[in-house]
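Structural overview
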Amino acid sequence: MRGRTALAALALLMLGGCATGPALEHRGQVTAPPGDSRHLTIGSAGFTESDLLAQLYAQLLNQAGYRTSVLTVANRELYEPALESGQIDVVPEYAATFADWLDAKTHGAGARTAGSPDLAATMRALRGLAAPRGLTVLPPGRAVDQNAFAVTAAYARRHRLRTLSDLGASRLKVRLAAGDECVQRPYCAPGLRKVYGIDITGIDPKGVGTTQAKRAVQTGRDQMVLTTTTDATLGSFGLVLLADDKRLQNADYVVPVVNRSRAGGPGVAKALGRLNDVLTTGDLAAMNQRVDSWRRLPADVARTYLKDKDLLK
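All values reported here derive from a predicted model rather than from experimental measurement.

Moving on: the side chain of Asp-204. Tracing the chain through its elements places Asp-204 in strand S7 (residues 199-205). Note on Asp-204: relative accessible area 3%, which makes it buried.

This is the structure we're talking about:
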């Protein structure tokens, strides 16, 4: 299966070449009535959570009468143009991250970021950037995968910490396990200092949510680790998340993005919208764990979840 997926991805890229979808001057293609192709290609970015979301989308669309195939193209620089051109029809994305990416693509790398902690503002910006490219952004659900910070449960109990504000008020000195870029990224060390008053004494460059980073906190070398809200392995390291109570992080809610001319009709929106009222951040973390720790197949995990939630017959 992996070999066929890789060959399919290679064929897509060879056929697509430098295609980037409807050029912005071709307004007729962008403003044409939403399409409803009955055979849809669902894109995955190649990591566990994206694979799971692609399978959830595919199985819901199959039940709604569509024929689907899942294609893995791990690089956004490749799969987003394929989405614009209609070689990929549906992709799971993250609102603030995708808004920033489209903003940089449209206005240059020095553009102000379009994403923010405000979900409504982020969605307005994202839809405004996506529409001229022939893309429709469907409504977000409840699930969000954004940067998060964790400490050991023992450390949190000892210092009575539940939120990042609690940590700032404690005046504790904190060495943070994270990526190199944390030194200057506004959501990381500078933001923790400015927004929460946390005394970050240094960055231990072990990456974002890596096993090495979590072990450094588990053993006491560091006091906190940068990870994500859907990290399924925190419990096995004795770690707990501290709530981002002042909303430092951007609104990276899960959103389906579709090619308007092929999948912009109400059928796709209705089928995928059934997931919005059900899928939570905790659900995503639990499914990630079943794939990463229990070695289950994403398709099987997605099918079990949808059946458990009465979304699949």
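Here the protein chain averages 91 in pLDDT, and 90% of its residues register 70 or above. Low pLDDT (under 50) marks residues 1-8, which in the prediction has three contacts with non-local residues, meaning those over four places away or in another chain. Per-residue pLDDT stays below 50 along residues 23-28; that stretch engages in three contacts with residues further than four places along the chain or on separate chains.

Another point: the pairing of strand S2 (residues 67-72). Relative to S2, strand S1 (residues 39-44) runs parallel, the two being bridged by six bridges. Counted as the bridge partner of Gly-43 is Leu-71 from S2. Chirality of the crossover, the property in question, places the unit of S1, helix H3 (residues 48-63) and S2 among those that are right-handed.

Looking now at the state of the cysteines. Enumeration over the complete set of coordinates arrives at one disulfide. Here Cys-182 pairs with Cys-188 through a disulfide, and the sulfurs are 1.8 Å apart. The disulfide joining Cys-182 to Cys-188 has a torsion of about -85 degrees about its S-S bond and is therefore left-handed. Of the two residues examined, Cys-182 and Cys-188, each falls in the buried class.

Before going further, it helps to spend a moment on H3. Because an α-helix packs 3.6 residues into every turn, residues spaced three or four apart end up facing the same way. For H3, which comprises 16 residues, the first-to-last C-alpha distance of 23 Å matches the rise-based estimate of 22 Å (1.5 Å per residue) to within 8%. Counting buried residues along H3, 13 of its 16 residues qualify, which places the element largely inside the surrounding structure. Where H3 ends, the next residue or the one after it, Gly-65, has phi of about 100 degrees, a positive value.

To continue, consider the pattern of salt bridges. Evaluation of the coordinates by the stated rule reveals 13 salt bridges. The residue Arg-76 makes a salt bridge to Glu-93 at a minimum N-O spacing of 2.8 Å. Taken together, the positions of Arg-76 in helix H4 (residues 76-85) and Glu-93 in strand S3 (residues 90-94) put the pair 17 residues apart, joining distant regions of the chain. Neither residue differs from the other here; Arg-76 and Glu-93 are each classed as buried. In this structure, Lys-214 and Asp-231 form a salt bridge, with 2.9 Å as the shortest nitrogen-oxygen distance. Of the two residues, Lys-214 is situated in helix H10 (residues 211-218) and Asp-231 in the loop between strand S8 (224-228) and strand S9 (239-242); the sequence distance between them amounts to 17 residues. With respect to burial, Lys-214 and Asp-231 carry one shared label: buried. Linked by salt bridges that have partners in common, Arg-175, Asp-204, Lys-206, Arg-221 and Asp-222 make up one network.

Here the focus is the packing of helix H5 (residues 95-107) against helix H6 (residues 119-130). Contact geometry for H5 and H6: axes closest at 9 Å, N-to-C directions at 40 degrees. Classified by the angle their axes make, H5 and H6 are oblique. The two elements H5 and H6 cross, and the hand of that crossing is left-handed. In this structure, H5 contributes Ala-95, Ala-96, Phe-98, Ala-99, Leu-102, Asp-103, Thr-106 and His-107 to the contact, and H6 contributes Thr-122, Met-123, Leu-126, Leu-129 and Ala-130. Tallied by class, residues from the contact of H5 with H6 come to nine nonpolar, three polar and one charged.

Here we take up the sheet that holds strand S6 (residues 173-178). The five strands lie next to each other as S7-S6-S8-S5-S9, forming an open sheet whose pairing is mixed. The open sheet is flanked by S7 and S9, the only strands paired with a single partner. Taking the axes of each pair of neighbouring strands and ignoring which way they run, one obtains an average angle of 40 degrees across the sheet. Sheet topology note: the strand S5 (residues 147-152)/S9 ladder contains four bridges and is antiparallel. Following the sheet pairing, Ala-150 is matched in S9 by Leu-241. Lying over the sheet, helix H9 (residues 189-196) contacts S5, S6, S7 and S8, oriented at roughly 165 degrees with respect to S7.

With that out of the way, let us pick up the packing of H3 against helix H13 (residues 281-292). At their nearest, the axes of H3 and H13 sit 10 Å apart, and the two run at 110 degrees to each other. Taken as axis vectors, H3 and H13 run roughly perpendicular relative to one another. Where H3 approaches H13, its residues Thr-48, Glu-49, Leu-52, Leu-53 and Leu-56 are matched on the opposing element by Leu-284, Met-287, Asn-288, Val-291 and Asp-292. Of the residues contributing to the contact of H3 with H13, the split by class is six nonpolar, two polar and two charged.

So, on to unusual backbone geometry. Here the phi dihedral of Arg-247 falls at roughly 55 degrees; this positive angle occurs in a residue that is not glycine. Structurally, the position occupied by Arg-247 is in the loop between S9 and strand S10 (254-259). In this structure, Asp-310 takes a positive phi of about 60 degrees despite not being glycine. Turning to its location among the elements, Asp-310 is positioned in the segment after helix H14 (298-308).

How each quantity is defined
Residues numbered from 1 in each chain as written. Predicted model: local features only at pLDDT ≥ 70, side-chain atom pairs only at ≥ 80, totals over all residues. Heavy atoms only, no water. Helix = DSSP H or I, 4+ residues; strand = E, 2+ residues; numbered from the N terminus. Buried < 20%, exposed > 50% of the residue type's maximum accessible area, 1.4 Å probe, protein only. pLDDT = per-residue confidence, 0-100. Contact = heavy atoms within 4.5 Å. Pairing = 2+ DSSP bridges. Right-handed = clockwise from strand over helix to strand, strands pointing away. Disulfide = S-S within 2.5 Å. Expected span 1.5 Å × (residues − 1). Salt bridge = Lys/Arg side-chain N within 4 Å of Asp/Glu carboxyl O. Axes fitted to C-alpha atoms, helices over the stretch in contact; angles between N-to-C directions. Parallel < 35°, antiparallel > 145°, perpendicular 65-115°, else oblique. Left-handed = near helix turned anticlockwise from the far one by under 90°. Nonpolar A, V, L, I, M, F, W, Y, C, P; charged D, E, K, R; others polar.

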